[in-house]
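One letter stands for each residue in the lines below.
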Amino acid sequence: MLFFVICACFALFPENVLLGAQSGLALCINAIIPSLLPFMLASDCLIKSGFSRPLGAAVSKVVTPFTGISPAGCVCLVTGLLGGFGAGARAVYESYEEKAVTKDEAQKLLPVCNNAGPLFVIGTVGISFFSSAQIGLRLLAVHIITAFIIGILIFYTAPRKKVSVKEEWKIYKKNRSGISGVIAKSAATTGGAIVTVCVFVITFSAILEVIPKGQMANIAGIFEVMRGCAELARGGHSALPMVSAVLFWGGISVHMQANALCRGKLSILPCIIWRAAGGVIAYILTRAALSDSASLLFLLIFTAAFFTTVFLIKSIISRGFFRQPLSRQRRRS
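Residues numbered from 1 in each chain as written. Predicted model: local features only at pLDDT ≥ 70, side-chain atom pairs only at ≥ 80, totals over all residues. Heavy atoms only, no water.

A. Representation of the overall build of the protein. Counting its secondary structure elements, the protein contains 17 helices and zero strands. Burial status across the protein gives 45% buried among its 333 residues. Long-range pairs, those at least 24 residues apart, make up 77% of the contacts in the protein between residues at least 6 apart in sequence. (Helix = DSSP H or I, 4+ residues; strand = E, 2+ residues; numbered from the N terminus. Buried < 20%, exposed > 50% of the residue type's maximum accessible area, 1.4 Å probe, protein only. Contact = heavy atoms within 4.5 Å.)

B. Quick look at helix α7 (residues 118-130). Taking 1.5 Å of rise per residue, the 13 residues of α7 would be expected to cover 18 Å, yet its terminal C-alpha atoms sit only 15 Å apart, more than 12% below that figure. When we look at burial in α7, the residues that qualify are F120, V121, I122, T124, V125, G126 and F130. Buried residues along α7 sit against α8 (133-155), α12 (225-232) and α13 (240-249). S131, located one to two residues past α7, shows a positive phi value of around 55°. (Expected span 1.5 Å × (residues − 1).)

C. Spatial organisation of the pattern of salt bridges. Enumeration according to the criterion identifies nine salt bridges in this entry. As a salt-bridge pair, E231 and R227 come within 3.3 Å of each other at their nearest N and O atoms. Of the two residues, E231 and R227 both sit in helix α12, four residues apart, roughly one turn of that helix. Look at R227 and you get buried, because its relative accessible area is 18%. Ionic contacts of the salt-bridge type, sharing partners, join the residues D44, K48, R90 and E94 into one network. (Salt bridge = Lys/Arg side-chain N within 4 Å of Asp/Glu carboxyl O.)

D. How the structure looks around the layout of surface pockets. Size it by volume and the largest pocket reaches roughly 660 Å³. S70, P71, A72, A100 and V101 are the residues nearest the centre of the largest pocket, which is lined by 32 residues in total. Of all elements in the fold, only α2 (14-49), α3 (52-67), α4 (71-83), α6 (103-113), α8 and α9 (165-175) reach the threshold of two or more residues within the lining of the largest pocket. Of all the elements, α9 adds the most residues to the lining of the largest pocket, at four residues. (1 Å grid on protein atoms, 1.4 Å probe; cavity = no way out; pocket = protein on both sides within 12 Å on 5 of 7 lines; lining within 4 Å. Points joined across faces, edges and corners; volume = space filled by probe spheres on them.)

E. Representation of the side chain of S52 in the model. By the secondary structure assignment, S52 is in helix α3. A relative accessible area of 12% places S52 in the buried class. Not counting residues within four places of it along the chain, the set of residues in contact with S52 comprises L46, I47 and V75.

F. Examining the packing of α3 against α4 more closely. Interaxial distance between α3 and α4 falls to 7 Å at its minimum, and their mutual angle equals 90°. The orientation of α3 with respect to α4, classified from their angle, is roughly perpendicular. Residues S52, L55, G56, A57, V59, S60, V63 and T64 of α3 pack against P71, C74, V75, L77 and V78 of α4. For the contact of α3 with α4, a count of residues per class yields nine nonpolar, four polar and no charged. (Axes fitted to C-alpha atoms, helices over the stretch in contact; angles between N-to-C directions. Parallel < 35°, antiparallel > 145°, perpendicular 65-115°, else oblique. Nonpolar A, V, L, I, M, F, W, Y, C, P; charged D, E, K, R; others polar.)

G. Spotlight on the packing of aromatic side chains. Considering all chains together, one arrives at two aromatic pairs under this definition. Taking the centre distance of 6.5 Å and the plane angle of 40° together, the rings of F204 and F223 count as tilted. You can see F204 sitting in helix α10 (residues 179-208) and its partner F223 sitting in helix α11 (residues 216-223), a full 19 residues away along the chain. Here the basic side chain of R275 rests over the ring of F248, its NZ or CZ set 3.7 Å away from the ring centre. (Phe/Tyr/Trp six-rings, centres within 6.5 Å; stacked < 30°, edge-to-face > 60°. Lys NZ or Arg CZ within 6 Å of the ring centre and 35° of its normal.)

Below, the structure is given as structure tokens:
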């Protein structure tokens, strides 16, 4: 049904569709390909070469105790936070294909790793839309904190896997592949992934051009993250909480890109639900972070207290503090 509606819009409004497609193509050439391609290629090379094993082990020393994300998942998380939408989803899929993570873990990683990158949040949203790098930095901080909160909520009961960086490094040196072959394979797969992302960006840019201008600010963010942020930014600083929510939500376009990049092998519905929940969290955190310095300090203290509490509770449970008295009672009986 949706397909026929889109086709009807394209037939009824050809000029709008053409203008939107041209705008989407310019966006791909000027922003998406230069910012996304290097990170996608680098993460693909890391995973295919096996170097992600010692790297993930090193990152997991900090991330895993708080979140429960495995060392392989930590590589996907870092890739998503640095590379932006598409890069994180691609890293999760490649890790699943290389059997570094299970299917269940890969589906849980998708909503945590497929994030907006710093170039987009600071450069495009902060500087271009709001003429302030400081606003971009604050939005990025909220975005990262929200991703970690969602990660904790999803992986709270996951076992904390301890791995040795030295052992993983030895395994990498023993099984590593030739760099030229790895780059050739990664270039081929990354090229196809970039084309997939651009197709969705151009298509949704064309669709959004058909929407009446008066409703654009209310609807655009549901479908496409960049257009949604651009339209909301017209409302000034008062729209920042909604911009933050749209940034974490990502839009239907981003979710369809993730589904295509994962070739339909991973369920996208849980990702959509968690990203929507994360959008609500980002909205609340942004209202606190952008009001004044005291509120920002409160946000930082709250975040630190949240992570510390989760870590302590998990440590107590994992050590069997509550199970020990029960076992003693059974022995006595």
